[in-house]
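Survey of secondary and tertiary structure
Each chain, written out:
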Amino acid sequence: MEFNVKKLASDAGVFFSRAMQFTEEKLGQAEKTELDAHFENLLARADCTKNWTEKILRQTEVLLQPNPSARVEEFLYEKLDRKVPSRVTNGELLAQYMTEAANDFGPGTPYGKTLIKVGETQRRLGAAEREFIRSASINFLTPLRNFLEGDWKTISKERRILQNRRLDLDACKARLKKAKAAEAKAALWNDEVEKAEHEMRLTQTEFDRQAEVTRLLLEGISSTHVNHLRCLHEFVESQTNYYAQCYQFMLDLQKQLGSSKGEIFSGTFVGNADSTSPAAAPSASAVAAAPLPAVPTIPVVPTIVGVPNTVAEGVLNPNEVKPPASGTRKARVLYDYEAADSTELALLADEMITVYSLPGMDPDWLIGERGNQKGKVPVTYLELLS
């Protein structure tokens, strides 16, 4: 009991001494031991790393989960060390609504068929988003969070200890200075000065030792940057794969809708052709339900002026197609493409082909040639070269 009381009294005395030293330094009434320039640079670099890591972490969380309520829920589950429940993505929820709507409207109707096709693509987009979020969380967010909750906490703890050691050292320097001043006036015995010098040597040793420990931790920030750089590359790779999947899914959907739009507008909404009554005009809801024509996202080859209009969309015979005298271009294939019929040319990713356009063709398509093979190819699968 007596030992605990003495320890508490000692701790209180040390705390009071540090508080006095800190206050006097702030008021400019006491000298402060300054760290060398290299050490100060290490401290500034560490603080900069911590601040930007926090901002990047928080904003990446917002990117992956824009709903703040969901982020709070995930944070609470994480702190409680419980598994976060599986959450349906927006794409998957939209797919569910579209499928249910198609069943109500009639899955055999043009609108119902299109809803099913679009809904399936939305489901695939939602699944790709889920995988991207999972990959980004493991490969990017987790290392950033581990640094802030692990390495940075250790650095902060050692910096606080170093600050206390410095305050103790400066307080001892102040006492030694006063003891020497009093000795000069014969107000103190020599043993008081020796005691102050001994205390200062001890605190100086503790300060130097703690400064070295803190310095080593701060220099480890460089390896942290290397680790975060690797994680950043993995994040970019995951994001690239995600957007490439989304692009491919939408290309496939665009192709499906493009092949069915002619059927939709060829009389599907008109009455029986054998009926003697005049055909009914399409309703506003039927027009709104029809898929819109696809907008090409990659520039197309202009139509060659002066070439006879011998090729009509849908009746192309590759053996009868003659390339124009000028206007052909080279193109690199971006993705594999499987020909739907004999009028199309199958493609392999990264191969080079010759392409050109003919009057009357759908602007979403070009004529492609590879050796003796030729056929229609979709523009969106190509990178047109000058």
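Further up the page is the structure itself.
Each chain carries its own residue numbering, running from 1 in the written order of its sequence. Since the coordinates come from a predicted model, pLDDT governs what is reported: local features require at least 70, and pairs of side-chain atoms require 80 or more to be given and counted, while whole-chain, interface and lining totals use all residues. The basis for every side-chain value is the complete set of non-hydrogen atoms in the structure, without hydrogens or water.

Comment: elements are numbered from the N terminus, with helices defined as DSSP H or I runs of at least four residues and strands as E runs of at least two. Secondary structure summary: the protein contains eight helices and five strands in total. Secondary structure elements of the protein, listed N to C terminal, follow the sequence α-α-α-α-α-α-α-α-β-β-β-β-β. Taken across its 386 residues, the protein has 33% of its residues classed as buried. Only heavy atoms enter the contact rule, under which two residues are in contact if any of them lie within 4.5 Å. A fraction of 71% describes how many contacts in the protein between residues 6 or more apart in sequence connect residues 24 or more apart. For the area figures, the Shrake-Rupley method with a 1.4 Å probe applies, and any residue is considered shielded solely by the protein chains shown. Here the protein displays about 24,300 Å² of accessible surface, and carbon together with sulfur accounts for 57% of that area. Partly exposed describes any residue whose relative accessible area lies between the buried limit of under 20% and the exposed limit of over 50%, with all areas from a 1.4 Å probe on protein chains only and scaled to the type maximum.

In what follows, salt bridge is the name for a side-chain nitrogen of Lys or Arg lying within 4 Å of a carboxyl oxygen of Asp or Glu. Under the counting rule described, the total for this entry stands at 18 salt bridges. Between Glu206 and Arg165 there is a salt bridge; the shortest N-O distance is 3.9 Å. Of the two residues, Glu206 is situated in helix H6 (residues 190-219) and Arg165 in helix H5 (residues 110-184); the sequence distance between them amounts to 41 residues. Judged by relative accessible area, which is 25%, Arg165 ranks as partly exposed. Salt bridges here are not isolated pairs; linked through shared partners, they connect Asp36, Glu212 and Arg215.

Strands are treated as partners if at least two bridges between them are detected by DSSP. With six bridges connecting them, strand S3 (residues 365-370) and strand S4 (residues 373-378) associate as antiparallel partners. Bridging across to S4, Ile367 finds its partner in Lys376. Between S3 and S4, which pair antiparallel one after the other, the connecting turn spans two residues, and Gly371 there sits at a positive phi close to 65°.

On to the nonpolar core. The criterion is simple. A nonpolar core is a set of buried Ala, Val, Leu, Ile, Met, Phe, Trp, Tyr and Cys residues joined through side-chain atoms within 4.5 Å. In terms of nonpolar packing, the biggest core is built from 28 residues, with Phe39, Phe132, Phe140 and Leu218 touching the most fellow members. Going through the elements one at a time, helix H2 (37-64), H5, H6 and helix H7 (221-268) are the ones with two or more residues in this core. Filtering out sequence-adjacent residues up to four positions away, Leu218 remains in contact with Phe39, Leu42, Leu43, Ala46 and Ile155. Residues Tyr337, Leu347, Val355 and Tyr356 belong to the second largest nonpolar core, which totals 19 residues.

Overall, antiparallel pairing links the five strands, which are arranged S4-S3-S2-S1-S5 in an open sheet. Strand pairing shows two members of the sheet lacking a second neighbour, S4 and strand S5 (382-384), which therefore form its edges. In this sheet, adjacent strand axes meet at a mean angle of 40° when their direction is disregarded. Here four bridges tie strand S1 (residues 329-333) to strand S2 (residues 352-356), and the two strands are oriented antiparallel to one another. Bridge pairing in S2 links Ala331 to Ile353. Here, axes are lines fitted to C-alpha atoms. For helices the fit covers the stretch in contact, and angles between N-to-C directions go from 0 to 180 degrees.

Tracing the sequence through the fold places Glu369 in strand S3. Two N or O atoms form a polar contact when they lie within 3.5 Å of each other; inside protein one atom must be a possible hydrogen donor and the other a possible acceptor, and for residues adjacent in sequence the pair counts only when both atoms belong to side chains. At 2.7 Å, the side chain of Glu369 and the side chain of Tyr356 are in polar contact.

The subject of this paragraph is the side chain of Thr89. Inspection of the secondary structure puts Thr89 in the loop between helix H3 (68-79) and helix H4 (90-105). By relative accessible area, which is 9% here, Thr89 ends up buried. If near-sequence neighbours (up to four positions away) are discounted, Thr89 is found in contact with Gly126, Glu129 and Arg130.

Here the focus is the packing of aromatic side chains. Working definition: rings of Phe, Tyr and Trp (its six-membered ring) pair if their centres are within 6.5 Å, and the pair is stacked with planes under 30 degrees apart, edge-to-face with planes over 60 apart, and tilted otherwise. Under the defined criterion, the tally for this structure stands at 10 aromatic pairs. Here the aromatic rings of Phe105 and Tyr111 are separated by 5.3 Å at their centres, their planes lie at 20°, and the arrangement is stacked. Owing to a relative accessible area of 47%, Phe105 belongs among the partly exposed residues under this scheme. Both rings, one in Phe147 and one in Trp152, keep their centres 6.4 Å apart while their planes meet at 50°; by these two values the pair is tilted. Exposure class is identical for Phe147 and Trp152. Each is buried. Members of the aromatic cluster, each reached through a chain of ring pairs, are Phe132, Phe140, Phe235, Tyr242 and Tyr243. Against the face of Trp52 rests Lys55, its NZ or CZ located 4.6 Å from the ring centre. Between Lys376 and the ring centre of Trp365, over which it is positioned, the NZ or CZ distance is 5.2 Å. Any Lys NZ or Arg CZ found within 6 Å of a ring centre and within 35 degrees of that ring's normal is scored as a charge over the ring.

Let us now look at a nonpolar patch on the surface. On the surface, Val72, Phe75 and Leu76 cluster together to form a nonpolar patch covering roughly 290 Å² of accessible area. Considering the arrangement of structural elements, one finds Val72 in helix H3. Patch membership requires over 30% relative accessible area and the absence of a salt bridge. Like charges are linked within 9 Å, and nonpolar side chains (Val, Leu, Ile, Met, Phe, Trp, Tyr) within 5 Å.

Okay, the pairing of S3 next. Among the six residues that make up S3, five are buried, leaving the element largely enclosed by the rest of the structure. Note: S2 against S3, three bridges, orientation antiparallel. Note that in S3 the partner of Thr354 across the bridge is Glu369.

Glancing now at H4. To estimate the expected span of a helix, count its residues, drop one, and scale the result by 1.5 Å. Between the first and last C-alpha of H4 there are 22 Å, a value that for 16 residues agrees with the 22 Å anticipated at 1.5 Å per step. Along H4, the positions that sit buried rather than exposed are Gly91, Glu92, Ala95, Met98 and Ala102. On an axial view of H4, the arc spanned by its buried residues comes to 120°, and they lie on one face. In H4, the exposed positions angled more than 90 degrees off the buried face are occupied by Asn90 and Asp104. Just past H4, the residue Gly106 takes up positive phi, approximately 110°. The arc under discussion is defined with respect to the helix axis, by the directions toward the C-beta atoms.

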